[in-house]
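Here's the letter readout for the chains.
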Amino acid sequence: MAMLSTSLSGPKSANSYCAPEFSGLRRLCPNSNNVNGNSHSQSFLRFCSPRKPLKSVVAMAGTGTFFVGGNWKCNGTKESITKLVSDLNSAKLESDVDVVVAPPFVYIDQVKSSLNGRIEIAAQNSWVSKGGAFTGEISVEQLKDIGCKWVILGHSERRHVIGEDNQFIGKKAAYALGQGLGVIACIGELLEEREAGKTFDVCYQQLKAFADAVPSWDNIVIAYEPVWAIGTGVVATPVQAQEVHVAVRDWLKNNVSAEVASKTRIIYGGSVNGGNCAELAKQEDIDGFLVGGASLKGPEFATIVNSVTTKKVAA
Ligand code: PGA
């Protein structure tokens with residue numbers, strides 16, 4: 001269910017709102033404590049200052065190509081995946097979007113050999129070092145051997161269900177990047193962390209763990225996925241998503257470089273669907289999506305990919 005109105009836009013506590021158009025991140029409140037030159041107030045100021053529209057693309061703060069990933073998670077059978085691939089092969093996808101799908105490991109080979117070359121394959125996880133005696137794990141070397149170009153790391157289901165921590169995820173990212181895989185690096189806060197005003201702190205810690213470990217940001221896409229929005233049908237509002245994306249980009253600028261901040265795609269994930277993607281895509285710091293449930297339906301996934309068109313206007 002697409003939820004874009006403020007009242008249905010996700011978790012919040014009444015006291016955490018400082019302005020009606022805001023989404024509950026107390027640290028963004030424009031009070032005297034915040035207007036002191038720190039990155040939070042910078043984010044706020046930037047958020048409040050509409051940028052000069054560009055000529056043909058009005059809504060991209062970053063310079064990277066729009067990126068949409070489909071995370072199929074632990075879903076599908078040979079039969080359903082055959083149908084999904086066939087739907088994706090016949091879908092008309094805008095050319096200026098990088099598109100990837102992440103099937104369950106056991107179906108990667110089937111998908112790789114039947115999906116047309118327009119869409120690249122991501123794995124949903126990878127082992128932290130070279131393969132060997134690690135029962136139940138899949139190595140980066142094996143993923144490359146089978147044709148994967150990307151891997152999703154730090155997904156909330158691996159953090160909070162499986163128990164992977166920031167450092168372990170950072171090491172995984174470093175290893176995968178070192179072997180030539182692109183990394184979709186997921187970050188995002190739990191509901192209680194948002195309600196406690198810790199959204200930025202949590203995201204920054206998760207970003208720092210990646211930054212401390214990786215040799216370069218060249219092949220990293222950041223997926224901001226608030227945990228309370230994943231698989232719940234409670235999508236972040238465009239404003240909620242945009243304000244965290246701005247903060248993430250500012251963090252990259254202040255802690256990595258302006259160039260990395262500009263070229264790194266920051267995509268949003270959490271209950272994105274065919275009905276809500278257009279409004280989200282219009283936000284200038286939303287550079288694409290990581291999609292779970294809705295990526296299991298080919299035509300709907302195509303709609304999400306094609307939401308890039310909402311970023312464009314006539315010159
Ligand atoms: P969802 O999952 O779209 O089903 O909420 C998103 C994700 O986990 O990447």
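- The name an unreviewed UniProt entry gives the chain is triosephosphate isomerase chloroplastic, with Salix purpurea as the organism.
- Per UniProt, the comment on the chain under Subunit (unreviewed entry) is "Homodimer."
- Under Sequence similarities (unreviewed entry), UniProt gives the following word-for-word description of the chain: "Belongs to the triosephosphate isomerase family."

## Here we look at the side chain of Ser307
1) Next: With respect to the helices, strands and loops of the structure, Ser307 is situated in the segment after helix H12 (298-305).
2) Next: With sequence-adjacent residues up to four places away left out, Ser307 is seen in contact with Phe66, Cys277, Ala278, Ala281 and Phe289.

## Side note on helix H8 (residues 199-213)
1) Next: The first and last C-alpha atoms of H8 sit 22 Å apart over 15 residues, in line with the 21 Å expected at 1.5 Å per residue.
2) Next: Regarding H8, the residues found buried are Thr199, Phe200, Val202, Cys203, Tyr204, Gln206, Leu207, Ala209 and Phe210.

## Side note on the sheet that holds strand S1 (residues 66-71)
Consider a sheet: its strands pair through backbone hydrogen bonds, and that pairing is either parallel or antiparallel.
1) Next: With parallel pairing, the eight strands of this closed barrel are ordered in space as S1-S2-S3-S4-S5-S6-S7-S8. Going from strand to strand, the sheet's axes swing by 25 degrees on average, the running direction of each strand aside.
2) Next: Here six bridges tie S1 to strand S2 (residues 97-102), and the two strands are oriented parallel to one another. Opposite Gly69, over in S2, you have Val100 as the bridge partner.

## Some points on the site of the ligand
1) Next: Lining the immediate environment of the ligand, one finds 13 residues, of which Lys73, His155, Glu225, Gly231 and Ser271 sit closest.
2) Next: In the environment of the ligand, an oxygen atom lies 2.6 Å from a nitrogen or oxygen atom belonging to the backbone of Gly231.
3) Next: Relative to its unbound accessible surface of 280 Å², the ligand loses 95% to contact with the protein.
4) Next: Tallied by class, the residues present in the shell around the ligand amount to four nonpolar, seven polar and two charged.

Cut-offs and rules
Residues numbered from 1 in each chain as written. Predicted model: local features only at pLDDT ≥ 70, side-chain atom pairs only at ≥ 80, totals over all residues. Heavy atoms only, no water. UniProt positions renumbered as here; feature names shortened; annotations may be inferred. Helix = DSSP H or I, 4+ residues; strand = E, 2+ residues; numbered from the N terminus. Contact = heavy atoms within 4.5 Å. Expected span 1.5 Å × (residues − 1). Buried < 20%, exposed > 50% of the residue type's maximum accessible area, 1.4 Å probe, protein only. Pairing = 2+ DSSP bridges. Axes fitted to C-alpha atoms, helices over the stretch in contact; angles between N-to-C directions. Near = heavy atom within 4 Å. Polar contact = N/O pair within 3.5 Å; in protein donor to acceptor, adjacent residues only side chain to side chain. Areas by Shrake-Rupley, 256 points an atom, 1.4 Å probe, with all protein chains shown as cover. Nonpolar A, V, L, I, M, F, W, Y, C, P; charged D, E, K, R; others polar.

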